[in-house]
Amino acid sequence: MKRLERGSGILLGITSLPSPYGIGTMGQAAYDFVDFLVRAKQKYWQILPVGPTSYGDSPYASFSSFAGNPYLIDLDMLIADGLLEQSDVKGSWGKSVSCVDYGLLYKKRFEVLRKAAENGLAREDAGFGAFVEENKHWLREYALYMAVKDHFGSGPWIEWPDEDIRLHRPEACARYADMLKDDIRFYEYIQYLFFSQWHKLRSYANEHGVKIIGDIPIYVPLDSADVWSEPEWFQLDSDNRPIWISGVPPDYFNENGQLWGNPIYDWDRMREDGFGWWIRRIGGAEKLYDVLRIDHFRGFESYWAVPADAETAKEGHWVKGPGVDVIHRLTGWFKNMTFIAEDLGFQTPEIKQFVEDSGLPGMKVLEFAFDAREPSNYLPHLYNNHCTCYTGTHDNETLLQWKEQAAAEDIEVAVKYLGLNEKEGFVWGIVRGGMSSVADLFIAQMQDYLELGAEGRMNVPGNPAGNWCWRMKKNGASAKLADKIADMTVLYGRS
């Protein structure tokens, strides 16, 4: 496992990039943002998960741990490759340039991608065959799962009317694979398009000194190819329905806790297998990212298990997780990968010891630092260098929104601690606090550099709708802003 070097970066999901087609993609705007990062002397670009999203549009609830999100495939690049005509992409892709219309995308995007796939599959392309062969350990199951899902009206696999395919019986899988072979080929081909574009973008970033920080949730959704095709790794009953589901207890974000609904892993069985499922999963992430942040890292030490029929997360209880065994297995296996532990939440002595024993850098969030009621371990003078400092995460308010909504006494603590003043500006003063800290890595949301308020918030935990839609305007990543970030980056030795 590689350690972080001192540096800084910006958190911006690819969907938030500007684009004429309703959502950010791996097209020119992504390359322009890499150029912006270079000019701003940033070493890292942190993104949100890039898997295909389901109902609710959360990148943390994907149909596959391995597949890429078709929405991120750039249409202009497909036109340049001769897979589409300009006329194929005409029409409206949404009324707002600042918010993704996922409903419209769901209706229109796949029609266009099917046209591109038809044209691509009509060509002689050895690269596609090689891609399918190289990724067959996940791609064939994912493509079959998506084809069958379409066949049954897009419903979750747990509700498919054919029990044999619902329970992933081999004879049924073979029968549907033959019946739906054209749809399966389509889903394989758009993964080929995704990974072709992704590898070019990542190579461009790396060649310009920018590393990609990816993000994986600890759990996978019930309605995913992962659970459908490999139910043995989850706590399911004889009908492959979950016995226990995931969540977190009541906390800062929600008085009822959060009922995530993911099936819980069968950790005993995973341990017996040498955590092979996790090795395969991180192996997939290694093909995408240079650094990997593991979301809800504390769930490896102990996790909140809720009965599958519970109405709220309040009905759950803590269960001991696999501990550092799985972490040491992964860090030992992936010696060239750098990991970050998302260790936020209530810090028990057990959690603190677990993170320390893991050897991974944890997270410090400045929005949590300035609590007038009691001292916080997120205050910069308490950091050691082996950590990552964030202004806030995708789950938090923007700094400007936090200033407007936090308790006045907490803001007063921040003003006094950091010497905030009107000339510098509140947001830039908070950024300075993180940039000047000893933390190896400092990350700020792009929304904070743009000094946006509530309109720039990405996600409100526990809120089922209206999230993940914010998009940056075309001129947001300006040269003037890059130079301002660069000045501070150089001043604090992060360039």
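Residues numbered from 1 in each chain as written. Predicted model: local features only at pLDDT ≥ 70, side-chain atom pairs only at ≥ 80, totals over all residues. Heavy atoms only, no water.

(A) Representation of the environment of C99. Position of C99 among the secondary structure elements: in the loop between α2 (75–80) and α3 (102–121). It is 8.6 Å that separates the C-alpha atoms of C99 and M472, two residues lying 373 residues apart in sequence. Aside from chain neighbours lying at most four places away, what touches C99 is C469 and R471. (Helix = DSSP H or I, 4+ residues; strand = E, 2+ residues; numbered from the N terminus. Contact = heavy atoms within 4.5 Å.)

(B) Main features of the pairing of strand β1 (residues 7–11). Counting buried positions along β1 yields five of five residues, so the element is predominantly enclosed. Side chains G7, G9 and L11 project from β1 onto one buried face, and the interleaved S8 and I10 project onto a second face that is buried too. One ladder, built from five bridges, connects β1 with strand β12 (residues 441–445); its direction is parallel. Paired with L11 across the two strands is Q445, which belongs to β12. (Buried < 20%, exposed > 50% of the residue type's maximum accessible area, 1.4 Å probe, protein only. Pairing = 2+ DSSP bridges.)

(C) Structural view of the pairing of strand β7 (residues 302–307). Along β7, five of the six residues are buried, which leaves the element largely enclosed by surrounding structure. Pairing of strand β4 (residues 244–248) with β7 involves four bridges; the strand directions are antiparallel. Looking at the pairing, I245 lines up with V306 of β7. In terms of strand pairing, β7 meets strand β8 (residues 317–320) through four bridges, oriented antiparallel. Bridged to A305 within β8 is H317.

(D) Examining unusual backbone geometry more closely. The backbone of S154 shows a phi angle near 75°, a positive value even though the residue is not glycine. Structurally, S154 is set in the loop between α5 (136–151) and α6 (163–166).

(E) Broad picture of the sheet that holds strand β5 (residues 258–263). On the basis of which strands lie adjacent, the open sheet formed by four strands has the order β5-β4-β7-β8 and antiparallel pairing. The sheet terminates laterally at β5 and β8, the two strands that pair on one side only. With strand direction ignored, the average angle separating the axes of adjacent strands in the sheet is 50°. Bridge count for β4 against β5 is three bridges, and the pairing is antiparallel. Counted as the bridge partner of I245 is P263 from β5. (Axes fitted to C-alpha atoms, helices over the stretch in contact; angles between N-to-C directions.)

(F) Geometry of the state of the cysteines. Within this structure, the stated rule accounts for one disulfide. Between the sulfur atoms of C99 and its disulfide mate C469 the distance is 2.3 Å. Across the disulfide from C99 to C469, rotation about the S-S bond amounts to roughly -100°, and the bridge is consequently left-handed. Placement of C99 in the loop between α2 and α3 and of C469 in the loop between α17 (446–449) and α18 (479–491) is noted, with a sequence separation of 370 residues between them. (Disulfide = S-S within 2.5 Å.)

Take it as geometry only, folks, not as evidence of what the structure does.
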